[in-house]
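Take a look at the letters that make up each chain.
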There are 2 protein chains.
Amino acid sequence: MQTYEINAKNKYWSLYEKLRGDILEGRLKKGERLPSKRALAESLSVSVVTVQSAYEQLLAEGYIYSRERSGYFVSDLNVEFYGRRRSEPVSTPPEKKFRLDLVKGTASSLFPFATWARLMRSVLSDCGEHLLERVPCDGDFELKCAVASYLYRARGIDVDPRYVVIGAGAEYLYGVIVQLLGRDKLFAVENPGYNKISQTYILNGARCVYIPVGDGGVDCKRAEESGADVLHISPSHQFPTGAVTPAASRARLIGWANAGGRYVVEDDYDSEFRLSGKPLQSTFSLCPDRVIYMNTFSKSLAPSMRMGYMVLPPELYEKYLALFSHSANVVPLFEQKTLAKMLDGGFFERHINRLKNHYRAVRQAVLEKAAEFKNCKIKDTGSGLHILVSFDGASDKYMKERAAAMGINLKCLSDYLLEPLEGREGWAVINYTGLTPQAVSEINL
Amino acid sequence: MQTYEINAKNKYWSLYEKLRGDILEGRLKKGERLPSKRALAESLSVSVVTVQSAYEQLLAEGYIYSRERSGYFVSDLNVEFYGRRRSEPVSTPPEKKFRLDLVKGTASSLFPFATWARLMRSVLSDCGEHLLERVPCDGDFELKCAVASYLYRARGIDVDPRYVVIGAGAEYLYGVIVQLLGRDKLFAVENPGYNKISQTYILNGARCVYIPVGDGGVDCKRAEESGADVLHISPSHQFPTGAVTPAASRARLIGWANAGGRYVVEDDYDSEFRLSGKPLQSTFSLCPDRVIYMNTFSKSLAPSMRMGYMVLPPELYEKYLALFSHSANVVPLFEQKTLAKMLDGGFFERHINRLKNHYRAVRQAVLEKAAEFKNCKIKDTGSGLHILVSFDGASDKYMKERAAAMGINLKCLSDYLLEPLEGREGWAVINYTGLTPQAVSEINL
């Protein structure tokens, strides 16, 4: 009979583990009879109840079986696989730090954390246990209304709050759009563009075509000829070209969408940050039946806050309910209530204004610094958080090498090409979201 | 010259809107020259700056264009689409209320809200602005460690915390699994089963086959013959059959997965609620290289808390990083930190124990009530939160009609069939998560 060292604190579990190990490692063979409960209990100086509990656990898991009046037997396990170890852990290299990052960054130090924390505390005490309730698939109605009111105040977009759908950030919503429109649809995205958009569509199983973007926005003719069912654009300020799609093109694209039952996704990712003049009119307002309007709070609040929304055409909203009404919304109610208070209380717009003042100063410093270069040309539409600069025909390679030598992270327009396109050489993309006026003016050329 | 009523509070915007309306509705024709700034300013008694600002906005959006020294002209817009109205809003019927719901429900009144709120407040003051930081794609490391420790304490599963991936609930994680393993893979799911599993896989673009589940768990032979690449099972307590997959079958399935580079998804959805004995050993522990272990906190904490996790085999974890390392985790850091404190402080296990006591009492009441019926047979493996009952050959139709007449929401085993299967008639599924002992004992038969 086996002897086992039994852990005095948890005897039955300890015995169960030893027996299981013996079975899995072949020391107890298939069909072998286990000692009777009484005998094993005596030999181990434990109670019969302890042995019985261990046997019951093994029985429940199928390691042993019982035959009436003859006892317990080891089951027939195929245990070849056992003893395999995990492969070695992988390690990820730490992110590279730059003296100046012209590719990405945030002004998160400007986030009104004290306000946010105060609103969170008040949500916690106001809502109490209601915070545990299941959130409808399209989000908390209070937040939906707050988003609709904000869109009207800030963007002049007139939206019925019911069609607002809250989601966990832009990429999450791209995935929902694929599920909503169907994986068989062809998605057209802007080229050059933000590669996460097409990557996310593809990751979700859709196919993508790339439509060239020039100074006048997306090439309408190419979009029409592409065979696409869905067109994803940022008409107010395209990244990285900075192009603004003129009204005629928008109208033409809406006509195209209307004619073929197609959809336009209007990704208004940085429309809050038009630094001069009012925000540009949305394409959505032109034809709410064919445009899915979307935006995120990750850029304007904090990257950890994966919250965004889209406004669906009524037809798609119905389909959304049909597909998802049995699922709860993925954004916790707590964050939704806090954001609703932030919007309704005007704190969000105050924060955006502070950010805009900050970015105006950064932009001014960038423009001044650029002027120190000989023959520096600037493309800037006054919208958004990046500009394009060129230096008298300097090649992309040259610009990036110079930048790297100075500890500057820099990308060029051509780095954002999703498929090759001629005539996009010679422009550096200066994203100033992570900069401060000080950091910019301190650069020595 | 047009006359416009100009809103005194926001003159330029008001003028811009009037002009835009005229262009879109065709009152200003394409190519038509706009009045000079000075002339329009005079006729409207506004400043030239006001008109200039309105023109600049129209120019920026492409509604008009300028020709040097000749002024501003209306662009060529295709405006046929304009004037379309949204379709009528849809309305959703309210959810039906039952006297007794044997299909779904929660014991959310037992949620330790005061503790949760206290932990939230302490996270808010302890972490401060760190809460704004971007969360790595696989989740906050503190929570990953807390989950790993919990798994070891509560389930005896030995997990390297790095391989834990935090996500926004089970369905969200199913979607990630499809993206991780590939949409071309064939997913095998249990039949009868929880239809959300296959629905979510299909919604994410994968194909599914259905493998019959009997009293001994999933049919291994059928799984082997199915051609599937992935098998999704709940071996500890299958829903709705209640079957426990015996060790021999688990070993066989692991062998199958090993032989073909396949994966088993172990969905341990209610393993916390084994009401007698210790939890059953996980399949994951048998072969962490081929099993994706997953569970959610939505069932154990609150449905509004869409938080779950999976433990990936190292190879898949590497792939996960390759696919998602540029994305932030979708669960807010705030909730992740709070849950980590809940787990590490032992509050979660205390809550689970309260729930188990509650459910034991409910189960007892259900069993007693069932005994009042003549010829009632019960299938109950002591795990989880539902049992099966049959009444001397009563048909599904009869049982459901009787239940409906009594205001009881009831489903049968056959209601969970994903494709037809013989011999599954005559069993009612009693899910007691939403019941109380009082509610059960008050039923008059």
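The coordinates are above.
Now for a description of the structure that goes with this document. Note that the structure is a prediction, hence the values are computed from the model and not measured.

### Notes on the overall build of chain A
- Counting its secondary structure elements, chain A contains 14 helices and 16 strands.
- For chain A, whose C-alpha radius of gyration is 31 Å, the value lies well above the compact-globule estimate of 22 Å for 445 residues.
- Taking the principal axes of the C-alpha coordinates as reference, chain A spans close to 95 × 50 × 50 Å.
- Counting only residues that meet the buried cut, chain A has 57% of its 445 residues in that class.
- For chain A, restricting intrachain contacts to residue pairs at least 6 apart in sequence, the fraction spanning at least 24 positions comes to 71%.
- Total accessible area on chain A stands at roughly 18,900 Å², and carbon and sulfur atoms take up 49% of it.

### Some details on the interface of chain B and chain A
- On the chain A side, the residues contacting the 92 residues of chain B number 91 residues.
- Taken together, both faces of the contact between chain B and chain A bury some 7,700 Å²; the carbon and sulfur share is 59%.
- If you look at where chain B meets chain A, you find zero salt bridges.
- Applying the counting criterion to the chain B and chain A interface returns 16 residue pairs in polar contact (both at pLDDT 80 or more).
- For the side of chain B that touches chain A, the elements supplying multiple residues, two or more each, are helix H1 (11-24), helix H3 (48-60), helix H4 (113-127), helix H6 (170-181), helix H7 (195-203), helix H9 (247-260), helix H10 (314-324) and helix H11 (333-344) of chain B.
- Broken down by element, the side of chain B that touches chain A gets its largest block of residues, six residues, from H10 of chain B.
- Residue composition of the side of chain B that touches chain A, by class: 50 nonpolar, 20 polar and 22 charged.

### Focus: the sheet that holds strand S7 (residues 217-218) of chain B
All names here are of chain B.
- Spatial ordering of the open sheet is given by S4-S11-S10-S9-S8-S5-S6-S7, a layout of eight strands whose pairing is mixed. Sheet topology places strand S4 (164-167) and S7 at the edges, where each strand pairs with a single neighbour.
- Of the strand pairs in this sheet, strand S9 (residues 263-267) and strand S10 (residues 291-296) are connected by four bridges, and their pairing is parallel. Note that in S10 the partner of Val264 across the bridge is Val291.
- Strands S4, strand S5 (186-191), strand S8 (230-233), S9, S10 and strand S11 (308-311) of the sheet are contacted by H6, whose axis makes an angle of about 160° with S10.

### Things to note about the packing of aromatic side chains
All names here are of chain B.
- Under the counting rule described, the total for this entry stands at 40 aromatic pairs over all chains.
- Between Tyr150 and Phe348, the aromatic rings sit 5.2 Å apart at their centres with planes inclined by 85°, giving edge-to-face as the arrangement. Residue Tyr150 is found in helix H5 (residues 141-155), and its partner Phe348 is found in helix H12 (residues 347-371); the two are separated by 198 residues along the sequence.
- Among the residues examined, Tyr150 registers a relative accessible area of 4% and is labelled buried.
- With 4.3 Å between their ring centres and 35° between their planes, Phe187 and Tyr201 make a pair best called tilted. Taken together, the residues span a long stretch of sequence, with Phe187 in strand S5 and Tyr201 in helix H7 at a distance of 14 residues. Comparing Phe187 with Tyr201, the two get one shared label, buried.

### Considerations on the environment of Val311 of chain A
- On the secondary structure map, Val311 of chain A appears in strand S11 (residues 308-311).
- Separated by 150 residues in sequence, Val311 of chain A and Pro161 of chain A have C-alpha atoms that sit 8.5 Å apart.

### A word on the pairing of strand S6 (residues 207-214) of chain A
Residues and elements named next belong to chain A.
- Here six bridges tie strand S5 (residues 186-191) to S6, and the two strands are oriented parallel to one another. Among the inter-strand pairings, Glu190 is bridged to a residue of S6, identified as Ile211.
- One crossover worth recording links S5 to the parallel S6 by way of helix H7 (residues 195-203), and it is right-handed.
- As judged from the two bridges shared by S6 and strand S7 (residues 217-218), these two strands associate in the antiparallel manner. Note on S7: the bridge partner recorded for Val213 is Val218.
- Remark: two residues form the turn of the hairpin made by S6 and S7, two consecutive strands paired antiparallel.

### Quick notes on the relation of the copies chain B and chain A
- Overlaying chain B on chain A yields an RMSD of 0.1 Å, the required transformation being a rotation through 180° with an accompanying axial translation of 0.0 Å. These values place the two chain copies in the arrangement generated by a two-fold rotation axis.
- Most of the interface of chain B is mirrored in chain A: 99% of its interface residues are interface residues there too.

### Focus on the pattern of salt bridges
Residues and elements named next belong to chain A.
- Tallied over the full model, the rule gives 34 salt bridges over all chains.
- Here Lys30 and Asp76 are joined by a salt bridge, their closest N and O atoms 3.8 Å apart. In this pair, Lys30 sits in the loop between helix H1 (11-24) and helix H2 (37-44) while Asp76 sits in the loop between strand S2 (71-74) and strand S3 (100-101), placing the two residues 46 residues apart along the sequence.
- Note on Lys30: relative accessible area 60%, which makes it exposed.
- Residue Lys196 is joined to Glu171 by a salt bridge in which the shortest nitrogen-to-oxygen separation is 3.3 Å. Here Glu171 lies in helix H6 (residues 170-181) and Lys196 lies in helix H7, a separation of 25 residues in the sequence.
- Salt bridges sharing partners connect three or more residues here, namely Asp140, Glu142 and Lys337.

### Quick notes on the packing of helix H4 (residues 113-127) of chain A against H4 of chain B
- At a closest axis distance of 11 Å, the pairing of H4 of chain A and H4 of chain B adopts a crossing angle of 175°. Here H4 of chain A is positioned roughly antiparallel relative to H4 of chain B, judged by the angle of their axes. Mapping the contact onto sequence places Phe113, Ala117, Met120, Arg121 and Leu124 of chain A in H4 of chain A and Phe113, Ala117, Met120, Arg121 and Leu124 of chain B in H4 of chain B.
- Class assignment for the residues of the contact of H4 of chain A with H4 of chain B results in eight nonpolar, no polar and two charged.

### Considering the state of the cysteines
All names here are of chain A.
- In the structure shown here, the tally under the stated rule is zero disulfides over all chains.
- Of all cysteine sulfurs, the one in Cys127 lies closest to Cys145, which takes part in no disulfide; the gap is 15 Å.
- With no disulfide of its own, Cys287 has Cys220 as its nearest cysteine by sulfur position, at a separation of 15 Å.

### Here we look at the side chain of Thr283 of chain A
Residue and element names in this part refer to chain A.
- Position of Thr283 relative to the elements: it lies in the loop between strand S9 (263-267) and strand S10 (291-296).
- Look at Thr283 and you get buried, because its relative accessible area is 2%.
- Reaching out from Thr283, the side chain makes a polar contact with the side chain of Arg250 at a distance of 3.4 Å.
- Each residue touching Thr283, except ones within four places of it in the same chain, is listed here: Pro235, Arg250, Ile254, Glu266 and Val291.

### A short note on the pairing of strand S13 (residues 386-391) of chain A
All names here are of chain A.
- Taken across its six residues, S13 has five buried, putting it largely inside the fold.
- As defined by bridge partners, strand S12 (residues 376-379) adjoins S13 across four bridges and the pair is classed as antiparallel. Bridge pairing in S13 links Lys377 to Ser390.
- Taken together, S12 and the strand that follows it, S13, pair antiparallel across an intervening segment of six residues, in which Gly382 is found at a positive phi of about 80°.
- Inspection of the sheet shows S13 paired to strand S16 (residues 428-431) by four bridges, in the antiparallel sense.

### Side note on the sheet that holds strand S15 (residues 411-412) of chain B
Residue and element names in this part refer to chain B.
- Reading across the sheet, the four strands line up as S12-S13-S16-S15 and stay open at both edges, with antiparallel pairing between neighbours. Bordering the open sheet on either side are strand S12 (376-379) and S15, each of which pairs with just one other strand.
- H12 contacts S12, strand S13 (386-391) and strand S16 (428-431) of the sheet and is inclined by roughly 150° relative to S12.

### A short note on H2 of chain A
Residues and elements named next belong to chain A.
- Regarding H2, the residues found buried are Leu40, Ala41 and Leu44. Buried residues of H2 fall within an arc of 100° about the axis and therefore sit on the same side. Across from the buried face of H2, at angles greater than 90 degrees, the exposed residues are Arg38 and Glu42.
- Those residues of H2 hidden inside the fold are in contact with H1 and helix H3 (48-61).
- Two residues or fewer after H2 comes Ser45, characterised by a positive phi angle close to 55°.

So, how was this worked out
Sequence order sets the numbering: in each chain, residues are counted from 1 along the sequence as written. All chains are assigned letters beginning with A, and all ligands numbers beginning with 1, in the order in which they are written. Reporting in this predicted model follows two pLDDT cut-offs: at least 70 for local features of residues, and 80 or more for side-chain atom pairs to be given and counted; totals over whole chains, interfaces and linings ignore these cut-offs and use all residues. By convention in this description, side-chain values take in all heavy atoms of the structure and omit both hydrogens and water. Counting from the N terminus, the helices are the DSSP runs of H or I reaching at least four residues and the strands are the DSSP runs of E reaching at least two. Each radius of gyration is computed over the set of C-alpha atoms, and the globule rule expresses the reference value as 2.2 Å times the number of residues to the power 0.38. For the exposure calls, accessible area comes from a 1.4 Å probe over protein chains only, and a residue counts as buried if that area is under 20% of its type's maximum, exposed if over 50%, partly exposed in between. By definition, residues are in contact when any of their heavy atoms lie within 4.5 Å. Using the Shrake-Rupley algorithm and a 1.4 Å probe, accessible areas are obtained, with residue cover drawn only from the displayed protein chains. Accessible area that two parts lose when put together, evaluated with a 1.4 Å probe and summed over both, is termed the buried area. One side-chain nitrogen of Lys or Arg within 4 Å of one carboxyl oxygen of Asp or Glu is enough to make a salt bridge. Pairs of N or O atoms are called polar contacts if they sit within 3.5 Å, as long as, within protein, a hydrogen donor faces a hydrogen acceptor (for residues adjacent in sequence, only side-chain-to-side-chain pairs). Polar here means any residue other than Ala, Val, Leu, Ile, Met, Phe, Trp, Tyr, Cys and Pro, which are nonpolar, and Asp, Glu, Lys and Arg, which are charged; Gly is therefore polar. The pairing criterion is simple: DSSP has to find at least two bridges between the two strands. As a rule, the C-alpha atoms of each element are fitted with a line to give its axis, helices using only the stretch in contact, and angles between N-to-C directions run from 0 to 180 degrees. Whether two aromatic rings pair depends on their centres lying within 6.5 Å, for rings of Phe, Tyr and Trp, where Trp uses its six-membered ring; planes under 30 degrees apart make the pair stacked, over 60 edge-to-face, and the rest tilted. Here is how to tell: hold the view so the strands point away, follow the path from the first strand over the helix to the second, and if it runs clockwise the crossover is right-handed. We superpose the copies by least squares over the C-alpha atoms of residues that have a pLDDT of at least 70 in both of them. For classification, angles of less than 35 degrees are called roughly parallel, those exceeding 145 degrees roughly antiparallel, those between 65 and 115 degrees roughly perpendicular, and all remaining angles oblique. Put simply, a disulfide is two cysteine sulfurs that come within 2.5 Å. Read the arc as the range of directions from the helix axis to the C-beta atoms.

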